[in-house]
Amino acid sequence: MAEVLVLVDHADGAVRKTTSELLTIARRLGEPSAVFVGTGFDTAKEALARYGAAKVYRAEAPELTQYLVVPQAELLAQLVADKSPAAVLLPASTEGKEVGARLAVKTGSGLITDAVDVQAADGGVRTTQSVFAGSYTVEATVTHGTPILAVKPNSATPEEAPAAAADEVVDFTPSDLARGAAITDTQPKAASGRPELTEAAIVVSGGRGTAGDFGPVEAFADALGAAVGASRAAVDAGWYPHSAQVGQTGKQVSPQLYVACGISGAIQHRAGMQTSKTIVAVNKDNEAPIFELVDFGVVGDLFNVLPQATAAVEAAKG
């Protein structure tokens, strides 16, 4: 059975949920092999084995954390040349897409980004994507080289399949090019206690209808254990940070549940959340375009609806 390489997304060995999703997808295509770059492998090993990584290629060196995405692309290119995998899976994050693009150039392979489903098909790999601002859903395959696939978070439910996870230390030295993209300074983000927006299973977003008061949106999100997003209108007005913007020019999200509060549903916003599994909207305008897209809609003032919903969620939690 051909190997499928999965780039491990982690923070000092703490494996993120995106990796367990990718390992689950990899088992559909072949035998998952994780690729670990950085430090903290002892912390990561158990989680990788739990989700089916039969082998782990690791380049564990503190210096590798001092550079941007080039070392990951170089190491993956080395493994593609040595192992001839059936596919390479990466998270469709900003970093993951950059690694994928560099890897595609280095190996002369096709790259597909923002896949929301990946399946084995006719001896190859078939992906599903949402394109042209969410106007169309397409299926695509890579016809040249090794399929390199950047997959959106929440595209698969992580399923455990314990494996031995034998690890193999890879002899790898970053090139001068990699060293040229060194990190010179970092600024830690203030911790909000909420999940990362692009990885969250539930996202509650506010728009122009909040009139700048995101209190009810945040309270409802916290009751659900959700991330908080915002429309472009809200962030342009200075009501919420730009880092929380969901949309074509913001972040792309694909949670299990997306709740749009006071958001009209312009195409720019829809492009960033249209692949969500279940969509709920709260808007007092019953002709708002967002209602064309939703699975469930509530016509009402969010300042009346959300506090009641929050109370009901809290009561259900006991």
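These numbers come from a predicted model, not from an experiment.

*Asks:* Explain the sheet that holds strand β14 (residues 257-261) here, please?
*Replies:* Paired through their backbone hydrogen bonds, the strands of a sheet run either parallel or antiparallel. Spatial strand order, β13-β12-β14-β15-β16: 5 strands in an open sheet with parallel pairing. Unpaired on one side and paired on the other, β13 (227-230) and β16 (296-299) mark the two borders of the sheet. Geometrically, the sheet is characterised by an average inter-axis angle of 15° between neighbouring strands, direction not taken into account. Relative to β13, strand β12 (residues 202-206) is paired through 4 bridges, and the arrangement is parallel. Its bridge partner being in β13, Gly206 is matched across the sheet by Ala230. Packing against the sheet, helix α6 (residues 215-224) makes contact with β12, β13 and β14, and its axis sits at approximately 175° to β12.

*Asks:* Can you help me understand the pairing of β13 in this one?
*Replies:* Side-chain direction in a regular strand flips from residue to residue, so the side chains alternate between the two faces of the sheet. Taking every second residue as pointing to the same face, both faces of β13 are buried, with Ala227 and Gly229 on one and Val228 and Ala230 on the other. For the crossover from β12 across α6 to β13, the handedness is right-handed.

*Asks:* Would you mind showing me how to read the packing of helix α3 (residues 70-83) against helix α4 (residues 94-107) here?
*Replies:* Geometrically, a packed helix pair is captured by the angle between its two axes and the distance between the axes. Across the interface, α3 lies against α4 with an axial gap of 9 Å and an inter-helix angle of 45°. Overall, the two elements α3 and α4 adopt an arrangement that is oblique. Crossing angle aside, the handedness with which α3 passes α4 is right-handed. Touching Val70, Gln72, Ala73, Glu74, Leu76, Ala77 and Val80 of α3 are Glu95, Val99, Arg102, Leu103, Lys106 and Thr107, all from α4. Broken down by class, the residue content of the contact of α3 with α4 amounts to 7 nonpolar, 2 polar and 4 charged.

*Asks:* What am I meant to see in the sheet that holds strand β9 (residues 136-141) here?
*Replies:* Sheet architecture is open: 9 strands sit in the order β9-β8-β7-β10-β6-β1-β4-β5-β11, paired in mixed fashion. The sheet is open, and its two edges are formed by β9 and β11 (166-169), each paired on a single side. Taking each pair of neighbouring strands and ignoring which way they run, the sheet shows an average axis angle of 35°.

*Asks:* Quick question: what am I supposed to make of the pattern of salt bridges here?
*Replies:* A side chain of one charge can pair with a side chain of the opposite charge if their charged atoms are brought near each other. Scanning the model with the defined rule gives 17 salt bridges in all. Two residues, Arg126 and Glu139, come together in a salt bridge whose shortest N-O distance is 3.6 Å. Here Arg126 is found in strand β8 (residues 124-131), whereas its partner Glu139 is found in strand β9, with 13 residues between them in sequence. What makes Glu139 exposed here is its relative accessible area of 58%. Linking Glu196 and Lys251 is a salt bridge whose minimum nitrogen-to-oxygen distance equals 3.6 Å. Linking Glu196 in the loop between α5 (176-180) and β12 with Lys251 in the loop between α7 (232-236) and β14, this pair joins segments that are 55 residues apart in sequence. Exposure remark for Glu196: the relative accessible area of 30% places this residue in the partly exposed category. By relative accessible area, Lys251 is classed as partly exposed at 25%. Through salt bridges that share partners, Lys45, Arg58, Glu60 and Asp167 make up one connected network.

The rules we used
Residues numbered from 1 in each chain as written. Predicted model: local features only at pLDDT ≥ 70, side-chain atom pairs only at ≥ 80, totals over all residues. Heavy atoms only, no water. Pairing = 2+ DSSP bridges. Helix = DSSP H or I, 4+ residues; strand = E, 2+ residues; numbered from the N terminus. Axes fitted to C-alpha atoms, helices over the stretch in contact; angles between N-to-C directions. Contact = heavy atoms within 4.5 Å. Buried < 20%, exposed > 50% of the residue type's maximum accessible area, 1.4 Å probe, protein only. Right-handed = clockwise from strand over helix to strand, strands pointing away. Parallel < 35°, antiparallel > 145°, perpendicular 65-115°, else oblique. Left-handed = near helix turned anticlockwise from the far one by under 90°. Nonpolar A, V, L, I, M, F, W, Y, C, P; charged D, E, K, R; others polar. Salt bridge = Lys/Arg side-chain N within 4 Å of Asp/Glu carboxyl O.

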